[in-house]
Structures are given as C-alpha cells and as structure tokens.
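Residue strings, one per chain:
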Amino acid sequence: MNEGIIMESKYVKAICPGSFDPITNGHVDIIERASQLFPEVVVGVLQNPHKKPLFSIEDRVDLIKLAVLHLPNVSVCAFEGLLVDFARKINANLIVKGLRAISDFEIEFQMALNNKRLSPEIETMFMMTRNEYSFLSSSMIKELAQFGGSIQGLVPTEVEKAIHKKFCGMS
Ligand code: ADP
C-alpha cells in the first residue's frame, strides 16, 4: 500500500451511512474495505423517526461496534436528519456506500446528486459489493430469520444471536 498517497489525500474521514437494521456481512465488507483506504471511518447509523426498525438505535450501534472491533480506525455513531449535516458536524468530507444490483443504483444516484447539491464539498464514493453478498440485505435477513431460515455466514455472530433472540426468544 502506498501510504504517501493516502497521507496527501484530502479525504481523511469517511462516513459509511445506513440503517443497519441489522448490520450484515455485506455492510462489514464495505466498512473493512473503506477502513483500508482512509485513515478514519465513521459508521453513521440513521435514526429515522418515521420507520419502525426491528432493532433500537442503541442495539444497532452496539451490534455494529462488536462487528468492527477488529478495525481500530472505525468508530460508530448514531445520527438523525440529513447525512450532509452529520458529515459537516463530524468534519467528514467523504461518503462511502456499497452498491449491489442495478436496483441500488437509481436511488443511490439520486441521493448522491442531492447530497452534492446540498454540500458540494462532500464527495460520494461507491464500492461494488462482493459477489457472495450481492443478494444480501437487512430485510432479507429479517425475513429469513423470522421464518426459520439459516442466516449463518451472512451476518456477524452477535447479530445472529440477537436476531434469534428476537424471533425465538433464545440466545
Ligand atoms: P439495507 O439496504 O440492507 O437495508 P442500509 O440502508 O443499512 O441497508 O444500507 C447502507 C449502505 O450499505 C447502502 O449504501 C447499501 O447499498 C449498502 N449495502 C447494503 N447491503 C449491502 C451488501 N450486501 N453489499 C454491499 N453494500 C451493501
């Protein structure tokens, strides 16, 4: 890795935003890859008052913290409101997002253009999902778990335990 280039980059702090209800191995992969590219990565966990998530904001943050324990330059923080406002508040100028199928593209494109309009100084970067996670989403995990399907290998171990506890009342 050429550290010289990274030190000179103006992108020092990157945000990986999302709902993470719950975090999956697809998210972890994007966060890990971002943590290798940028000195500091903040996982921004969106608290949307209009949505009823399966996991509370506190639980989502805690589960992400456990999933990124091996990444010393990654921190986790909840936020409300506009992503660009949160970015400015924590002094980050780069948004890193994962892209799965073409279906992700349209909405991500819209969000990136809107964020650029609101805050031209903030850049958005996309990373392609790894092949094995291209079909993976938090909603698919919840659906699988709810109907007794295996989610092993698709989410961090702590998430697997937490989700089983939710649906089956067991740890
Ligand atoms: P989801 O779409 O699963 O509910 P989020 O809203 O938490 O997830 O998504 C946060 C970011 O993570 C988005 O940029 C989304 O495209 C990305 N992402 C979600 N799942 C994956 C995956 N399996 N591989 C790569 N990126 C992903």
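Let me begin by describing the structure that accompanies this report. Note that the coordinates shown come from a computational prediction; the quantities given were computed from them, not determined experimentally.

## As for the site of the ligand
Inspection of the region around the ligand gives 17 residues, with Ser19, Phe20, Gly98, Thr129 and Tyr133 positioned closest. Between Ser19 and the ligand, the recorded distance is 3.0 Å, taken from a backbone N or O atom to an oxygen atom. Glu108 is positioned with one of its side-chain polar atoms (N or O) 3.4 Å from an oxygen atom of the ligand. Here the ligand has 540 Å² of accessible area as a free molecule, and 86% of this is covered by the chains.

## Quick word on the pattern of salt bridges
This structure, assessed with the given rule, holds eleven salt bridges. Of the charged contacts in the structure, one is a salt bridge between Lys13 and Glu40, with a shortest N-O distance of 3.9 Å. In this pair, Lys13 sits in strand 1 (residues 13-18) while Glu40 sits in strand 2 (residues 40-46), placing the two residues 27 residues apart along the sequence. Relative accessible area serves as the criterion here: at 18%, Lys13 is assigned to the buried category.

## Digging into unusual backbone geometry
Backbone torsion omega between Asp21 and Pro22 reads 0°, so that peptide bond is classified as cis. Here Pro22 is to be found in the loop between strand 1 and helix 2 (25-37). Backbone geometry places Phe20, a non-glycine residue, at a positive phi of 50°. Although it is not a glycine, Asn91 adopts a positive phi angle of roughly 65°. In this structure, Asn91 sits in the loop between helix 4 (83-89) and strand 4 (94-99).

## Topic: the side chain of Asp104
Topologically, Asp104 is positioned in helix 5 (residues 102-118). You can call Asp104 buried: its relative accessible area is 9%. Here the side chain of Asp104 touches Arg100 through a polar contact of 2.8 Å, landing on its backbone nitrogen. Beyond its immediate chain neighbours, meaning those up to four positions away, Asp104 contacts Gly98 and Leu99.

## Some thoughts on the environment of Gln152
Mapped onto the elements of the fold, Gln152 is located in the loop between helix 6 (138-146) and helix 7 (157-168). The exposure class of Gln152 is exposed, given its relative accessible area of 62%. Taking the C-alpha atoms as reference points, Gln152 and Ile141, eleven residues apart in sequence, are found 10.0 Å from one another.

Cut-off values and rules
Residues numbered from 1 in each chain as written. Predicted model: local features only at pLDDT ≥ 70, side-chain atom pairs only at ≥ 80, totals over all residues. Heavy atoms only, no water. Near = heavy atom within 4 Å. Polar contact = N/O pair within 3.5 Å; in protein donor to acceptor, adjacent residues only side chain to side chain. Areas by Shrake-Rupley, 256 points an atom, 1.4 Å probe, with all protein chains shown as cover. Salt bridge = Lys/Arg side-chain N within 4 Å of Asp/Glu carboxyl O. Helix = DSSP H or I, 4+ residues; strand = E, 2+ residues; numbered from the N terminus. Buried < 20%, exposed > 50% of the residue type's maximum accessible area, 1.4 Å probe, protein only. Contact = heavy atoms within 4.5 Å.

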